Amino acid sequence: MRVPDQTQPTTMHECLPSDAVGKRVACDGERGTVRFVGTVPPTAGLWLGVEWDNPDRGKHDGSHEGVHYFTCRHPKGGSFVRPKKASFGVDYLTAIRRRYEMEVQQVLGEEIQISTRTVEMVGFEAITEKQKVENLTDVALRLCEVSSPGPPNEIRNTTPHVLMLDLCGNLLCCWDDVMAVTEQMEELKELQLSHNRLRVPSNPTVRPRAFSCLRVLSLTNCALTWPQLLECAPMWPLLEELYASENDITELQKPNDVLQSLTVLDLSTNPLVDGAVLSIGQLPRLENLNMSKTGLSTLLFDDAMPGKVYVGHCLEKKRALFFDWSVINELEKLQSLVRLSCRQNPLLSQERNPGTAMQLLIARVGRLEALNRWTVLPEDRRGAELDYCKMFGLEWLASGGHRDPQQNRPSAEFTAQHPRYQSLIQKYGAPEDSELKKQEPFALKNQLLSESSSLLLNSMIVQKVKGLLYRLLKIPGAELKLSYTSSKMEGKEIEIDNDLKPLQFYSIEDGDKVLVRWL
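Note that this is a predicted model, so its numbers are computed, not measured.

## Considering the overall build of the protein
Line of reasoning, step 1. Secondary structure assignment for the protein yields 15 helices and 25 strands.
Line of reasoning, step 2. The buried share of the protein, reckoned over its 519 residues, is 45%.
Line of reasoning, step 3. Once local pairs closer than 6 in sequence are excluded, the contacts in the protein between residues at least 24 apart make up 68%.
Line of reasoning, step 4. Working note: accessible area of the protein is about 27,000 Å², and carbon and sulfur atoms make up 51% of it.

Take a look at the structure:
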């Protein structure tokens, strides 16, 4: 592949900044970063090589007719555009005037036409006085093509009282430009920067006043990695809430001496890899952790033993693809975890009875007060933990467990699979032998039913049959397993394993016996 001629025209196009490469541009509603400025033979004139935030907007990887002009993260994320089609944006002050001062002028100048009379809008002066830019506390400049701060110190004179600033989806290209804006807002507490592409600063602490009061920061969809976030973190010494969803975060390295005030961390929709080092024990004040839609199938807090990680007031892991209960055991390490959301998780669907899955989860995570927005009452916890002890009691005894504390030595394998079991035995006592015996199958004999009810039962789907059995046997929280035996197949027991099929799907006939087992 040939390389492009590096000799560029000394005179830039009149609408181009002198340092165009690396700048952000907008074109037809899409945003991108300029990676190349120059000619692209055999065409005449100047072109911009742009890497688009949305790769669907692009056409290639920065190459044209065998010549590689620039590099893209995505193989189809780049294209060439003429300079006149690209907007390099406006400064903060221009955006403020367009967004707020024009609105105020329009309101003050409006008159209302009622029938044939023109009525002046009296009293709006007091309302618009609050909307004057120097009085603003919340500034929303989302999608306003802000690319620079503007003249020095003018922001301090124009919007001095800003507490919340929304700059999502703009054309700022580096953190230095952001700091040049925010250091003139000494009271700023919340900053929205989602859908931007910002270069990491060479010296994050060069402007210590830029984020001195910042508490909330949103960086959704900014193409950031965790090391880049940690590199920027010294800029935010008092940050409490960090929203970093839809980025390029794969692993979590330890946040040494940074983010120590963080209480909320949103990592949803990031490609976290299995085996990632989730060293969140270094975040001593973390209360809310969102890892939904990450695709994780395992979870490991490897910097602490159970009960030693002081994080996790609320954990959201909806659509994280956990397949093993060892993942839930890891959550027991989160001493502050009291609310958990894990809907649509394959792990829970492995249990045929959703109630059983919920009980197992409550028993394995000892401090939960709410599960999937359902309040865990004291009686719910007691019932779940007692059933858990009974369910795995035989396994505990077989592994070396014993009712005599002096002889109670379950294997390391059992303890790893059930880290709370020993503490539950101490809390409730070991289950009795009668509680550990497997229930004898309960037989439903067709001859005990009338012919009409037999036909009705045979046409019912398995799920409805189980509902009747729950009420008949008075075991609403148990897990039912159905099977049947037939005189035509001596010694063979056929499992009824599809809740959505009618009983007749299994060709059950008069004289066959349906067996019901529950835990």
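## Examining the side chain of N329
Line of reasoning, step 1. With respect to the secondary-structure elements, N329 resides in helix 6 (residues 325-331).
Line of reasoning, step 2. A polar contact of 3.0 Å, which involves the side chain of N329, links it to the backbone oxygen of Q417.
Line of reasoning, step 3. If we skip the residues at most four places from it in the chain, N329 touches R364, A416, Q417 and P419.

## Some words on the sheet that holds strand 6 (residues 78-81)
Line of reasoning, step 1. The sheet built from four strands is open, its strands ordered 1-2-3-6 with antiparallel pairing. Only two strands of the sheet have a single partner each, and these edge strands are strand 1 (24-27) and strand 6. Strand after strand, the sheet turns through a mean of 45° between neighbouring axes, direction not considered.
Line of reasoning, step 2. Sheet analysis places strand 3 (residues 46-52) next to strand 6, joined by four bridges and oriented antiparallel. The residue bridging G49 from the neighbouring strand is F80, located in strand 6.

## As for the pattern of salt bridges
For side chains of opposite charge, pairing can occur when their charged atoms come near one another.
Line of reasoning, step 1. Considering all chains together, one arrives at 17 salt bridges under this definition.
Line of reasoning, step 2. Residues K390 and E435 are paired through a salt bridge, measuring 3.6 Å at the closest nitrogen-oxygen approach. Of this pair, K390 sits in helix 9 (residues 378-391) while E435 sits in helix 13 (residues 433-436), and the two are 45 residues apart along the sequence.
Line of reasoning, step 3. Residue class for K390 comes out partly exposed when judged on its relative accessible area of 32%.
Line of reasoning, step 4. The shortest N-O distance in the salt bridge between E493 and R517 comes to 2.6 Å.

## Quick word on the nonpolar core
Line of reasoning, step 1. Membership of the largest hydrophobic core comes to 80 residues, with the highest contact counts inside it found for Y92, W175 and W236.
Line of reasoning, step 2. Broken down by secondary-structure element, the contributors of at least two residues to this core are helix 1 (92-109), helix 4 (175-182), helix 5 (226-232), helix 6, helix 8 (354-364), helix 9 and helix 12 (421-428).
Line of reasoning, step 3. Broken down by element, this core gets its largest block of residues, five residues, from helix 1.
Line of reasoning, step 4. When sequence neighbours within four positions are dropped, the list of residues in contact with W175 reads L193, L198, R199, V200, P201, F211, L217, L219, C232, M235 and W236.
Line of reasoning, step 5. Counting residues in each nonpolar core, the second largest holds 15 residues, with L469, L480, L503 and V516 among its members.

## Focus: the environment of V206
Line of reasoning, step 1. Tracing the backbone through its elements, the reader meets V206 in the loop between strand 13 (190-192) and strand 14 (216-218).
Line of reasoning, step 2. The spacing of V206 and D176 is 30 residues in sequence and 9.3 Å in space, taken between C-alpha atoms.

## Quick notes on helix 12
Line of reasoning, step 1. Considered for burial, the residues of helix 12 that qualify are Y421, L424 and I425. Looking down the long axis of helix 12, one finds its buried residues gathered within 105° of arc, a one-sided arrangement.

## Describing the packing of aromatic side chains
Any two aromatic rings considered together are summarised by their centre-to-centre distance and by the angle between their planes.
Line of reasoning, step 1. Inspection of every chain in the model, using the stated rule, returns 10 aromatic pairs.
Line of reasoning, step 2. Summarising the aromatic geometry, the rings of W175 and W236 are spaced 5.7 Å apart at their centres and angled 55° between planes, so their arrangement reads as tilted. In this pair, W175 is assigned in helix 4 and W236 in the loop between helix 5 and strand 15 (241-243), connecting sequence segments 61 residues apart.
Line of reasoning, step 3. Its relative accessible area of 1% is what places W175 among the buried residues.
Line of reasoning, step 4. When its relative accessible area of 2% is taken as the criterion, W236 is described as buried.
Line of reasoning, step 5. In this structure, R82 is placed above the aromatic ring of W47, and the distance from its NZ or CZ to the ring centre is 3.7 Å.

## A short note on the pairing of strand 24 (residues 493-496)
Line of reasoning, step 1. Residues I494 and I496 of strand 24 are buried on one face, while the alternating residues E493 and E495, pointing to the opposite face, are not.
Line of reasoning, step 2. By the bridge criterion, four bridges tie strand 23 (residues 480-485) to strand 24 in an arrangement that is antiparallel. Pairing of Y484 across the sheet is with I494, part of strand 24.

## Notes on the confidence of the model for the protein
Line of reasoning, step 1. With 76% of its residues at a pLDDT of 70 or more, the protein has an overall mean of 81.
Line of reasoning, step 2. Here residues 6-12 is a poorly scored stretch, pLDDT under 50, and it has seven contacts once near neighbours within four places are set aside; other chains count.
Line of reasoning, step 3. In the model, residues 107-130 has pLDDT below 50 throughout and makes 19 contacts with residues more than four positions away in sequence or in other chains.

## As for the packing of helix 9 against helix 12
In helix packing, the relevant descriptors are the interaxial angle and the interaxial distance, both defined with respect to the helix axes.
Line of reasoning, step 1. Across the interface, helix 9 lies against helix 12 with an axial gap of 10 Å and an inter-helix angle of 110°. With respect to helix 12, the element helix 9 is oriented roughly perpendicular. Here helix 9 and helix 12 pass one another in a crossing that is left-handed. When helix 9 is examined against helix 12, the residues R381, R382, E385, L386, Y388 and C389 are found in contact with a partner set consisting of Y421, L424, I425, K427 and Y428.
Line of reasoning, step 2. Residue composition of the contact of helix 9 with helix 12, by class: seven nonpolar, no polar and four charged.

Parameters and conventions
Residues numbered from 1 in each chain as written. Predicted model: local features only at pLDDT ≥ 70, side-chain atom pairs only at ≥ 80, totals over all residues. Heavy atoms only, no water. Helix = DSSP H or I, 4+ residues; strand = E, 2+ residues; numbered from the N terminus. Buried < 20%, exposed > 50% of the residue type's maximum accessible area, 1.4 Å probe, protein only. Contact = heavy atoms within 4.5 Å. Areas by Shrake-Rupley, 256 points an atom, 1.4 Å probe, with all protein chains shown as cover. Polar contact = N/O pair within 3.5 Å; in protein donor to acceptor, adjacent residues only side chain to side chain. Pairing = 2+ DSSP bridges. Axes fitted to C-alpha atoms, helices over the stretch in contact; angles between N-to-C directions. Salt bridge = Lys/Arg side-chain N within 4 Å of Asp/Glu carboxyl O. Core = buried A, V, L, I, M, F, W, Y, C linked by side-chain atoms within 4.5 Å. Arc of directions from axis to C-beta. Phe/Tyr/Trp six-rings, centres within 6.5 Å; stacked < 30°, edge-to-face > 60°. Lys NZ or Arg CZ within 6 Å of the ring centre and 35° of its normal. pLDDT = per-residue confidence, 0-100. Parallel < 35°, antiparallel > 145°, perpendicular 65-115°, else oblique. Left-handed = near helix turned anticlockwise from the far one by under 90°. Nonpolar A, V, L, I, M, F, W, Y, C, P; charged D, E, K, R; others polar.

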